[in-house]
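Close look at the chain arrangement
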Amino acid sequence: MDGTLCDNAVLRDYWYAVARADELHSDPHSVRLLGVDLVLWRNETGTVSAAHDRCPHRESPLSPGTVRDGCLECPYHGWQFSGNGECVRIPSASAGTPVPPRSHLAVVRCSERYGLLWVCLGTPRAEIPHIVEDTRADYRRINTPVEVWQVSAGRMVDNFCDVSHFPFVHTGTFGNDQQTEVPSVSLSQLDADFYGYDYTVEVANTELASSASGQSAGVVQRRMTTGFNLPLTVRSTIHYHTGLDHILLLLSTPVDDTTSLFTFVVWRNDDFSVPAEDIIRFDLAIGAEDKRMLERVPGVMPLDQTALVSVQADRCSVEWRRRFRELLSPSAT
Ligand code: FES
Ligand SMILES: [Fe+2]
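About the cut-offs
Residues numbered from 1 in each chain as written. Chains lettered and ligands numbered in written order. Predicted model: local features only at pLDDT ≥ 70, side-chain atom pairs only at ≥ 80, totals over all residues. Domains from an automatic or database assignment. Contact = placed C-beta atoms within 7 Å. Helix = DSSP H or I, 4+ residues; strand = E, 2+ residues; numbered from the N terminus. Nonpolar A, V, L, I, M, F, W, Y, C, P; charged D, E, K, R; others polar. Pairing = 2+ DSSP bridges. Core = buried A, V, L, I, M, F, W, Y, C linked by C-beta atoms within 7 Å. Buried ≥ 20, exposed ≤ 12 C-beta atoms within 10 Å, placed from the backbone.

**Brief notes about the domain arrangement of the protein**
Once the domains are mapped, the protein shows domain 1 (9-120) and domain 2 (132-332). Look at where the C-alpha atoms of domain 1 and domain 2 centre, and you get two points 33 Å apart. Every contact between the two is made by 15 residues of domain 1 and, on the other side, 16 residues of domain 2. Counting residues per element, the ones that place at least two in the side of domain 1 that touches domain 2 are β1 (16-20) and β2 (29-33). By residue number, the principal contributor to the side of domain 1 that touches domain 2 is β1, which donates five residues. Across the side of domain 1 that touches domain 2, the residue classes break down as 11 nonpolar, two polar and two charged.

Set out below in structure tokens:
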């Protein structure tokens, strides 16, 4: 059990965010998930489909093709496939000729949620994590770009569960180098979907941060929770004494063992006066600090608990790692 992701069939049975929904228009979109090349396309009625990016005729990738008459058209010989993968037209065949029985595309499950497109390669073992604020009128949702990080997804989850790097990595955004000690971490079930811990942290409230915190003091206090949902999702909630909530869903999608897609979704119950671009600018700057740090750390996240040294402040990521390892290989624990 070395922590590799692509060769573990269990991970194929979960949902992963692979693209922004508003970025899939008339052209097909290619994405790689767990080492599998996929094509996504949207038909005229808005329905999104996903399939293996390989034409059954001569193995051309389909993602450079086009969407025509609601169907995905292969760029090589123009075969057309409906949203459920059925081959509906072979231009070289005379009218009325039945299509060969194995001419259909291997489709995979695709869903649209939180402004993102999600894909499951196998049979889902769990729902996409539930964010209750998404349906509340007093919260707005802000999406961020989908980035490519040269980081193993497990290392990202480990980082997102960890607060002890704040004063060292986030010095350009909210890191407060006065507070390095992490109070005792007590883990619990935060709600139906997330397991983690709650804590209070004092953070620097720079000019960039003040638009997100809604305060002007030099240092502000945050009540936070951070928790994970297996396999690779993390949610952080930030509560300010003013009543402002800032909720982040941090999504690490394994492209392959050491490359990932990263995007996060923000929900806020503010008065909507701060432009979404300002909120995103602050959070993207935080993400860039994590990315810069993590891209220095090579390889996959070791799952053997004896491979790394951990301290009290690492309890959440240690527990995530234990459960993740058990998920990937139940007999190993
Ligand atoms: S390879 Fe796709 S139609 Fe021939
Ligand atoms: Fe961070």
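**So, unusual backbone geometry**
With an omega dihedral of 5°, the bond running from Leu230 to Pro231 counts as a cis peptide bond. Relative to the assigned elements, Pro231 resides in the loop between β15 (219-229) and β16 (233-239). Unusually for a residue other than glycine, Leu34 sits at a positive phi of about 50°. Assignment of secondary structure puts Leu34 in the loop between β2 and β3 (36-42).

**A closer look at the sheet that holds strand β7 (residues 80-81)**
In any sheet, the strands associate via hydrogen bonds between backbone groups, in a parallel or an antiparallel arrangement. Pairing in this open sheet of four strands is antiparallel, and the strands run β5-β6-β7-β8 from one edge to the other. The open sheet has two edge strands, β5 (66-68) and β8 (87-89), and neither has a second partner. Pairing geometry for strand β6 (residues 71-73) and β7, over two bridges, is antiparallel. Among the inter-strand pairings, Leu72 is bridged to a residue of β7, identified as Phe81.

**Let's talk about the nonpolar core**
Counting residues in hydrophobic clusters, the biggest one holds 67 residues, and the most contacted among them are Val18, Leu33, Leu40, Trp118, Val119 and Val157. The element that contributes the greatest number of residues to this core is strand β18 (residues 260-268), accounting for six residues.

**A closer look at the environment of Gly46**
Take Gly46: it is sitting in the loop between β3 and β4 (48-52). For the pair Gly46 and Glu73, spaced 27 residues apart in sequence, the C-alpha to C-alpha distance is 17 Å.

**A few points about the pairing of strand β17 (residues 245-254)**
For β17, the tally of buried residues reaches nine of 10 residues, placing the bulk of the element in the interior. Hairpin connection of β16 to β17: five residues between the antiparallel strands, including Gly243 at a positive phi of 100°. Across nine bridges, β17 lies against β18 in antiparallel orientation. Its bridge partner being in β18, Thr253 is matched across the sheet by Leu261. Linking two consecutive strands that pair antiparallel, namely β17 and β18, is a turn of five residues.

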